[in-house]
Amino acid sequence: MKTFEEFAAAFSALAWGTPLLLLLMGGGLFFTIYSKFLPFRYFKHAIDVLRGKFDDPEAEGDIDHYEALSGAIAATVGMGNISGVAVALVTGGPGAIFWMWVSALLGMATKFFTCTLAVMYRGHDKNGHAEGGPMYFIEEGLGKKWKPLAMFFAAAGLLGVTPMFQANQLTEVVRTVVLPESITSMASTNVINFTIGLVIMALVSIVIFGGIERIGSVAGKLVPVMVVLYTGTVLAMIGLNIEKLPSIISLIVTEAFTFKSAAGGALGAVVIIGAKRAAFSNEAGIGTAPMMHGASKTNEPVREGLVAMIGPFIDTIVVCSMTAFGILASGIYRPDMGDINGVLLTTEAFRAVFPVMGPIILSTCVLFFALTTLFSFSYYGTKCLGYLIGEERRHYFNYMYIILIVVGSVIKLEAILNLIDGAYATMAIPTMVAALLLSPKVKEAAIDYFHRMDDLEESMK
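All of these numbers come straight from a predicted model, not from anything done at the bench.

Asker: Explanation requested: the overall build of the protein chain in the structure shown.
Answerer: Across its full length, the protein chain holds 23 helices and 2 strands. Buried positions account for 56% of the 461 residues belonging to the protein chain. The long-range share in the protein chain, meaning contacts at least 24 apart out of those at least 6 apart in sequence, stands at 84%. Taken as a whole, the protein chain presents about 18,400 Å² of accessible surface, with 66% of it coming from carbon and sulfur.

Asker: Can you walk me through the packing of aromatic side chains in this structure?
Answerer: Aromatic ring pairs are reported here in terms of the distance separating the ring centres and the angle at which the planes meet. Taken as a whole and judged by the stated rule, the model has 19 aromatic pairs. Between the aromatic rings of Tyr136 and Tyr387, the centroid separation amounts to 5.3 Å while the plane-to-plane angle is 85°, which identifies the pairing as edge-to-face. Taken together, the residues span a long stretch of sequence, with Tyr136 in helix α8 (residues 134–142) and Tyr387 in helix α20 (residues 357–389) at a distance of 251 residues. The two residues Tyr136 and Tyr387 agree in class, both being buried. Measuring from centroid to centroid gives 5.6 Å for Phe397 and Tyr401, while their planes differ by 40°, and the two rings are tilted. In this pair, Phe397 and Tyr401 both sit in helix α21 (residues 396–410), 4 residues apart, roughly one turn of the helix. Phe397 sits in the buried class, given a relative accessible area of 1%. On the accessibility criterion, Tyr401 (0% relative accessible area) is buried. Taken together, the ring pairs connect Phe30, Phe31, Tyr34, Phe112 and Phe113 into an aromatic cluster.

Asker: Explain α20 here, please?
Answerer: Note on helix geometry: an α-helix contains 3.6 residues per turn, so any two residues three or four positions apart are oriented the same way. Counted at 1.5 Å a residue, the expected span for α20 with its 33 residues is 48 Å, and the 48 Å between its end C-alpha atoms agrees. Across the 33 residues of α20, 26 count as buried, placing the element largely inside the fold. Positive backbone phi, approximately 110°, marks Gly390, located one or two places after α20.

Asker: I tried to follow unusual backbone geometry on my own but got confused; where do I start?
Answerer: Peptide bonds are mostly trans, and most non-glycine residues show a negative phi. Located in the positive-phi region is Lys36, a residue other than glycine, with phi close to 60°. Checked against the element boundaries, Lys36 lands in the loop between α2 (18–34) and α3 (38–41). Judged by relative accessible area, which is 57%, Lys36 ranks as exposed. A positive phi angle, near 60°, is found at Phe37, a position not held by glycine. The residue Phe37 is located in the loop between α2 and α3 in this model. Judged by relative accessible area, which is 44%, Phe37 ranks as partly exposed.

Asker: What is the right way to read the confidence of the model for the protein chain from this model?
Answerer: Any region with low pLDDT has predicted coordinates that should not be read closely. Looking at the protein chain as a whole, the pLDDT averages 82, with 89% of positions reaching at least 70. Long-range and interchain partners of residues 261–265, a stretch whose pLDDT sits below 50, account for 14 contacts in this model, where long-range means more than four residues apart.

Asker: Help me understand helix α18 (residues 310–330), please; the structure alone is not making it clear to me.
Answerer: Taking 1.5 Å as the rise per residue, α18 with 21 residues should run 30 Å; its terminal C-alpha atoms sit 29 Å apart, in good agreement. The sharpest bend along α18 comes to roughly 30°, located at Ser321. In terms of burial, α18 is a largely internal element, 17 of the 21 residues being buried. Directly after α18, the chain includes Gly331, whose backbone phi takes a positive value near 90°.

Asker: Can you walk me through the pattern of salt bridges in this structure?
Answerer: Should the charged atoms of two oppositely charged side chains come close, the side chains can pair. The final tally for this structure, using the stated rule, is 6 salt bridges. For the salt bridge of Arg452 with Glu300, the shortest nitrogen-to-oxygen distance reads 2.9 Å. One end of the pair, Arg452, is in helix α23 (residues 428–460); the other, Glu300, is in the loop between α16 (288–293) and α17 (301–308), with 152 residues separating them in the sequence. A relative accessible area of 34% places Arg452 in the partly exposed class. Its relative accessible area of 17% is what places Glu300 among the buried residues. One connected set of salt bridges, linked through shared partners, spans Glu300, Asp448 and Arg452.

Asker: What am I meant to see in the packing of α17 against α18 here?
Answerer: For any two helices packed against each other, one specifies the inter-axial angle together with the distance between the axes. In the contact formed by α17 and α18, the axes pass within 4 Å of each other and the chain directions differ by 5°. Here α17 lies roughly parallel to α18, going by the angle between them. The residues of α18 that touch α17, namely those facing Leu306, Val307 and Ala308, are Ile310, Gly311 and Pro312. When grouped by side-chain class, the residues that make up the contact of α17 with α18 number 5 nonpolar, 1 polar and no charged.

Asker: How should the environment of Leu362 be read in this particular structure?
Answerer: Structurally, the position occupied by Leu362 is in helix α20. Taking the C-alpha atoms as reference points, Leu362 and Thr346, separated by 16 residues in sequence, lie 8.3 Å from one another. With near-sequence residues (within four places) excluded, Leu362 lies in contact with Ile82, Tyr230, Thr346, Thr347 and Phe350.

Asker: Before we go on, may I ask you to explain a nonpolar patch on the surface in this structure?
Answerer: On the surface, Leu29, Ile33, Phe37, Phe40 and Leu105 cluster together to form a nonpolar patch covering roughly 450 Å² of accessible area. By relative accessible area, which is 40% here, Phe40 ends up partly exposed.

Asker: Please clarify how the environment of Trp16 should be interpreted in this entry.
Answerer: In this structure, Trp16 sits in the loop between α1 (2–15) and α2. Looking at Trp16, the relative accessible area reads 3%, which means it is buried. Here the alpha-carbon distance between Trp16 and Ile272, two residues 256 residues apart in the chain, equals 10.0 Å. Among residues more than four places away in sequence, those in contact with Trp16 are Leu21, Lys276, Ala279, Phe280, Ile286, Asp421, Tyr424 and Ala425.

Asker: Would you mind showing me how to read the nonpolar core here?
Answerer: Side chains of a nonpolar character, in soluble globular proteins, are inclined to be buried together. In terms of nonpolar packing, the biggest core is built from 127 residues, with Phe112, Val204, Tyr230 and Leu306 touching the most fellow members. At 15 residues, the largest contribution of residues to this core is made by α20. The contact partners of Val204, leaving out residues within four places of it in the chain, are Leu371, Leu374, Phe375, Tyr401 and Ile405. Core analysis: the second largest hydrophobic core is formed by 5 residues, Met164, Leu404, Ile411 and Leu417 among them.

Rules of the game
Residues numbered from 1 in each chain as written. Predicted model: local features only at pLDDT ≥ 70, side-chain atom pairs only at ≥ 80, totals over all residues. Heavy atoms only, no water. Helix = DSSP H or I, 4+ residues; strand = E, 2+ residues; numbered from the N terminus. Buried < 20%, exposed > 50% of the residue type's maximum accessible area, 1.4 Å probe, protein only. Contact = heavy atoms within 4.5 Å. Areas by Shrake-Rupley, 256 points an atom, 1.4 Å probe, with all protein chains shown as cover. Phe/Tyr/Trp six-rings, centres within 6.5 Å; stacked < 30°, edge-to-face > 60°. Expected span 1.5 Å × (residues − 1). pLDDT = per-residue confidence, 0-100. Bend = angle between axes of the 7 residues up to and from the residue. Salt bridge = Lys/Arg side-chain N within 4 Å of Asp/Glu carboxyl O. Axes fitted to C-alpha atoms, helices over the stretch in contact; angles between N-to-C directions. Parallel < 35°, antiparallel > 145°, perpendicular 65-115°, else oblique. Nonpolar A, V, L, I, M, F, W, Y, C, P; charged D, E, K, R; others polar. Patch = residues over 30% accessible without salt bridge, like charges linked within 9 Å, V, L, I, M, F, W, Y side chains within 5 Å. Core = buried A, V, L, I, M, F, W, Y, C linked by side-chain atoms within 4.5 Å.

And the structure:
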């Protein structure tokens, strides 16, 4: 067991190591320059698409643009936005937040390319139903000889999107932050965790057994609520300490380029910490979002890519920044804090500004964030299993999924969690390799699409 634990820890560290971050950030930089900074030039057009201005009810697909984006954000806006940012501050200092921003801006271009490909190269099941995701654009776009790479993605995804890590973290938050001590003292930790796991399993089951339509619908309703509640609370925290805002921004920017950091004084370490936390948070290049956006009801691949690129902006530039600003504005952050729990640091920041309501609001946000992630991850798992053993059998994944929620709520094996974490990261290898090889196809489609949009605008004048 000790050998397995050491292997799992090493695997997770390697998977999320410098080579992966270079692939993600280097690929994002390539996509940004290759597309001539398309995400920034056409951000307004992306918002118009998201608002439904170009919706086609008769187009192939299962959910509309808004539901696809909400489903993808539901999976990415989670514990990484609350605890991950706190960890970045403690281990890399405020400068790590700047590199999270850089990584997210580059990730917008990555999302555009990968999610455009998800619609451009949709596969089809035996009934002719459209299926999207990296495994399909690898096989359909690069050819049958690349199928082993597609299968590698699906196999890694099958393990990487299991709910044990999310269930484990959510259970701990509910038991230690949400439940009063009068309840937790009545039974053993295992009994309480098991009970919480059963409740989470019931809530998740109601949604995921309704298929992608219900997941998209529920996500479409919950995501705006949780983002507005969280950002609104943090904006209030900043507003009460508004005089600190200029110095906070200055601190983030200046420490991004100095050697004074909590990461041992290495500038490169600060960059890596920021990039890693952004990649873990917004998953640009990992390959999960293309599976959600591949189900969008559209015949225009570029439109879905435009909508998808909004995801990293919301996840990292907005939500992660709110966490960082809130912690720094609260006054509790110190460079010598040591290895403090991420959720605890964020909770203490909320409590420092709003002693009574702060922890309650944060706990509510944690529940929303974690549950919506569990909803979307189940869909990703069914897509991966369906690709490997047939679409007619993919629903079997959900039965395993809800059992693993309960297992994850009581398990203490760090090795299992590290193994899942590492598998999630390795999904980026086939996703990014295929996206880079197919990037000329996306650029060609984008040029054609915007020429047609320009002609349409001219004809309407």
